[in-house]
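# Observations on the model geometry
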Amino acid sequence: MQTGSLSIRQLLRKAKAKQFKLPQFQRDFVWNEAQVALLIDSIARNYPIGSLLLLEPSPDIQLSTRSLQAVIAEIDQSIPINDAGVTPENSDVPEAQELLILDGQQRLTSIVRVLLNANATKTYWFDLREIYESFHEERADWIKQTKGKTTDATRNDGRWVRADLILEGEEQQYVIKYFLSQEEDKAMHAIQKVHRVFETIRNYQVPYILLEGQEGVEAICRIFETINSTGTRLTTFDLAVARYFPHPDLRDLYEKARHQHPVLSEFDVDGERLLQVIVLLEKGREPSRSEQLNLTKDDIIRHWEAAVNALVRAINWGRRECGLEPQFYVGESQLVALASVLAGLSEKQQEHFLTQKHDQLVEWFFSNIMQSGFRATNYRIFVHYQSLQTLREHGYIPEEDIPTVKLDVDTLIRLAKSDNRYKAALALLRRYVKEDFYSGATISFENFEIHHFFPRSFGAKKYVDSIANLIPVTKDTNRLLSNRNPSDYMRDLTGKGNFHVLNKRLAGALLPIQINAEGIVEPNILSDDQYNTFVQERGKMILQKIREITGNRFAETIGETGE
């Protein structure tokens, strides 16, 4: 890895030599004109604009590429790369070597479009009068643009100079001519002020980080994630898209799969999950980034459909049997492992495996997701895959892959929303609560919502977002109850049907209350001052369900802090 800087002139010489390329995973140019103008204005003021992250292709990292979205005139090959007025500044960036832009595409394309007159539909100009009179006001309105591409050097009686002319100082004759024709007494001062701005642009140094391709895929992705100006992750799937394009076109295959199977879009499944399934199916090894990028094109084409169908089936299984929903999608590493096992089986064998091993699979799944801080790492996916292969072949899951669930009521009640166990508990509620406690309607994927039993306006200081205060309901009930207090809407419920039916629904919703023959709710824990009692009692009911579903892997720990 190298670091350094390139002057604007060096940068543009390389652009004209077509050295800069975009990996296929990069998005198109999306900046608006205000963003482009602000960038050029920042350069003119010598403000930092961030580093470019460049990658030098190597035998280990070969990616399909495309050109910048700019109409760049061909370079005069008779002129040496550091001639044409460009000082041979020190730079370790290879000359005439293709350089892939990992981060900085929007900035570099903007610079090229403005300073090389390389926008196919517009021409950029610098307003000499605005620079002289208003540059100190920190405005960018001295940068103008007109529709259509032109070779005219000036506009507006010489007041506007075409932006690309400043690169080699060609603008000077027009600057002198304009100011001498306007105000001779102030001409020299105006010329010098404008010249300083243009010199700043010409000599501006753009920092870069050059990855030489020897760092390895893992390091490159980590560096990208740390530096990327938008905070976007460079995923393995992004690299694979660029590596294999155009045959197969992974992005196209992925989008078609999402269209054909909406559940992939609902759960926002990354294309990397499909590559992980293919690695396990083809190689039976840990699906690391390098293993994914070492798949052959034939591997991907041969297994793609099976991987998609198996992953869809695994997610649908998690939704149906374990209560997963997009709002609380947990257990991704387990589902990828399950999909990898299913992908190697016929449809009939898949059905037999999921049916015959149902209870073991559910216990294994919840024992894993009821842990704090677990992530869908490649290693975890491989461990789960091996465990499920053992289950399929020998009828049991190795004990080391069914971790002990350590939880107590107080910890459960106070779980943070960011805690993996919070989402797991929501899935458990969704799994058990099939019927709307208020209306009696069946809760489906389409009409499902989470309701705060005590309204959110009750106050965050009393753990209003506690898992023990949440309950699955239909959308209609959620809107009907809205911000009403339970002591209010439960009074209405007591007059809406048979007590036995109502009490069955309340028990099914894991609510610690019943309605007696006189229509009174017991125990009396629905008033504001009884909130803590309510969440304690409901927390016990939820904890009991966790105990039931995780079997002998459950170990209640009094005073556990949930760290």
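### A few points about the sheet that holds strand S1 (residues 2–7)
On the basis of which strands lie adjacent, the open sheet formed by six strands has the order S1-S10-S3-S5-S2-S4 and mixed pairing. With partners counted over all chains shown, the strands left at the sheet margins are S1 and strand S4 (65–66), one partner each. In this sheet, S4 lies alongside strand S2 (residues 20–23) in antiparallel orientation, the contact comprising two bridges. Within the sheet, the bridge partner assigned to leucine 22 lies in S4 and is arginine 66. Packing against the sheet, helix H1 (residues 8–16) makes contact with S1, S2, strand S3 (52–55) and strand S10 (205–211), and its axis sits at approximately 95° to S1.

### A short note on the pattern of salt bridges
Summed over all chains, the structure comprises 41 salt bridges. One salt bridge connects aspartate 238 with arginine 251, and the closest N-O pair in it is separated by 3.2 Å. One end of the pair, aspartate 238, is in helix H8 (residues 236–244); the other, arginine 251, is in helix H9 (residues 250–260), with 13 residues separating them in the sequence. Look at aspartate 238 and you get buried, because its relative accessible area is 13%.

### As for the side chain of arginine 113
Note that arginine 113 resides in helix H3 (residues 105–115). This buried residue, arginine 113, is left without a salt bridge; glutamate 33 holds the nearest opposite charge, at 5.8 Å. With residues up to four places along the chain from it excluded, the contact list for arginine 113 reads Phe29, Gln69, Ala70, Ala118, Asn119 and Tyr124.

### Some thoughts on the nonpolar core
Residues Phe437, Phe453, Met490 and Ile546 are the most contacted members of the largest nonpolar core, which totals 120 residues. With residues near it in sequence (within four places) discarded, methionine 490 still touches Phe437, Phe453, Leu506, Ile513, Val521 and Leu526. Among the nonpolar cores identified, the runner-up in size contains 57 residues, and Ile8, Leu11, Leu99 and Tyr132 belong to it.

### Thoughts on helix H5 (residues 172–182)
Buried residues of H5: Val175, Tyr178 and Phe179, and no others. Projected down its long axis, H5 carries its buried residues within an arc of 90°, all on one side. Every exposed residue of H5 that faces more than 90 degrees away from the buried side is listed here: Gln173, Lys177 and Ser181.

### Re the environment of aspartate 28
Within the secondary structure layout, aspartate 28 lies in the loop between S2 and helix H2 (33–44). With relative accessibility at 46%, the residue aspartate 28 sits in the partly exposed group. Sequence separation between aspartate 28 and leucine 68 is 40 residues; the distance between their C-alpha atoms is 9.0 Å. Not counting residues up to four positions away in its chain, the partners in contact with aspartate 28 are Arg66, Gln69, Gln105 and Gln106.

### With respect to the sheet that holds strand S8 (residues 154–155)
The strand order across the open sheet built from four strands is S7-S6-S9-S8, with neighbouring strands paired in antiparallel fashion. In this open sheet, the two strands that pair with only one neighbour each are strand S7 (143–147) and S8. Here strand S6 (residues 122–127) pairs with strand S9 (residues 160–162) via three bridges, running antiparallel. Residue pairing for S9: aspartate 127 is matched across the bridge by tryptophan 160.

### Things to note about unusual backbone geometry
For residues besides glycine, phi is generally negative; the peptide bonds are generally trans as well. A cis amide bond links phenylalanine 245 with the next residue in sequence, proline 246, at an omega value of 5°. Position of proline 246 among the secondary structure elements: in the loop between H8 and H9. In the segment running from glutamate 522 into proline 523, the intervening peptide bond is cis, with an omega of -10°. Summarising the element assignment, proline 523 is placed in the loop between strand S15 (521–522) and helix H23 (531–550). Notably, lysine 18 is not glycine yet its phi reads approximately 60°, a positive angle. With respect to the helices and strands, the residue lysine 18 is situated in the loop between H1 and S2. A positive phi angle, close to 60°, is found at glutamate 138, a residue other than glycine. Along the chain, the position of glutamate 138 falls in the loop between helix H4 (128–134) and S7. Its relative accessible area of 48% is what places glutamate 138 among the partly exposed residues.

### Thoughts on the confidence of the model for the protein
Where the model shows low pLDDT, its predicted coordinates should not be examined in detail. Of the residues in the protein, 90% reach a pLDDT of 70 or more, and the chain-wide mean stands at 89. Considering only residues more than four positions removed or in separate chains, one finds that residues 76–90, a stretch of pLDDT under 50, has 20 contacts.

### Focus on the packing of aromatic side chains
Following the criterion strictly, the structure yields 19 aromatic pairs and no others. Between tyrosine 178 and phenylalanine 179, the ring centres sit 5.1 Å apart and the planes meet at 70°, which makes this aromatic pair edge-to-face. Judged on exposure class, the residue tyrosine 178 and its partner phenylalanine 179 are both buried. Seen in terms of ring centroids, phenylalanine 437 and tyrosine 438 are 6.1 Å apart; in terms of plane orientation they differ by 75°. Their pairing is edge-to-face. What makes tyrosine 438 buried here is its relative accessible area of 6%. Put simply, the rings of Phe437, Tyr438, Phe453, Phe454, Tyr489, Tyr531 and Phe534 touch in pairs and so form one group of aromatic residues. Taking NZ or CZ as reference, arginine 319 lies 4.2 Å from the ring centre of phenylalanine 445, over its face. Above the plane of the ring of tyrosine 432 lies arginine 431, whose end atom (NZ or CZ) is 5.3 Å from the centre.

Conventions used here
Residues numbered from 1 in each chain as written. Predicted model: local features only at pLDDT ≥ 70, side-chain atom pairs only at ≥ 80, totals over all residues. Heavy atoms only, no water. Pairing = 2+ DSSP bridges. Helix = DSSP H or I, 4+ residues; strand = E, 2+ residues; numbered from the N terminus. Contact = heavy atoms within 4.5 Å. Axes fitted to C-alpha atoms, helices over the stretch in contact; angles between N-to-C directions. Salt bridge = Lys/Arg side-chain N within 4 Å of Asp/Glu carboxyl O. Buried < 20%, exposed > 50% of the residue type's maximum accessible area, 1.4 Å probe, protein only. Lys, Arg positive; Asp, Glu negative; His and termini not counted. Core = buried A, V, L, I, M, F, W, Y, C linked by side-chain atoms within 4.5 Å. Arc of directions from axis to C-beta. pLDDT = per-residue confidence, 0-100. Phe/Tyr/Trp six-rings, centres within 6.5 Å; stacked < 30°, edge-to-face > 60°. Lys NZ or Arg CZ within 6 Å of the ring centre and 35° of its normal.

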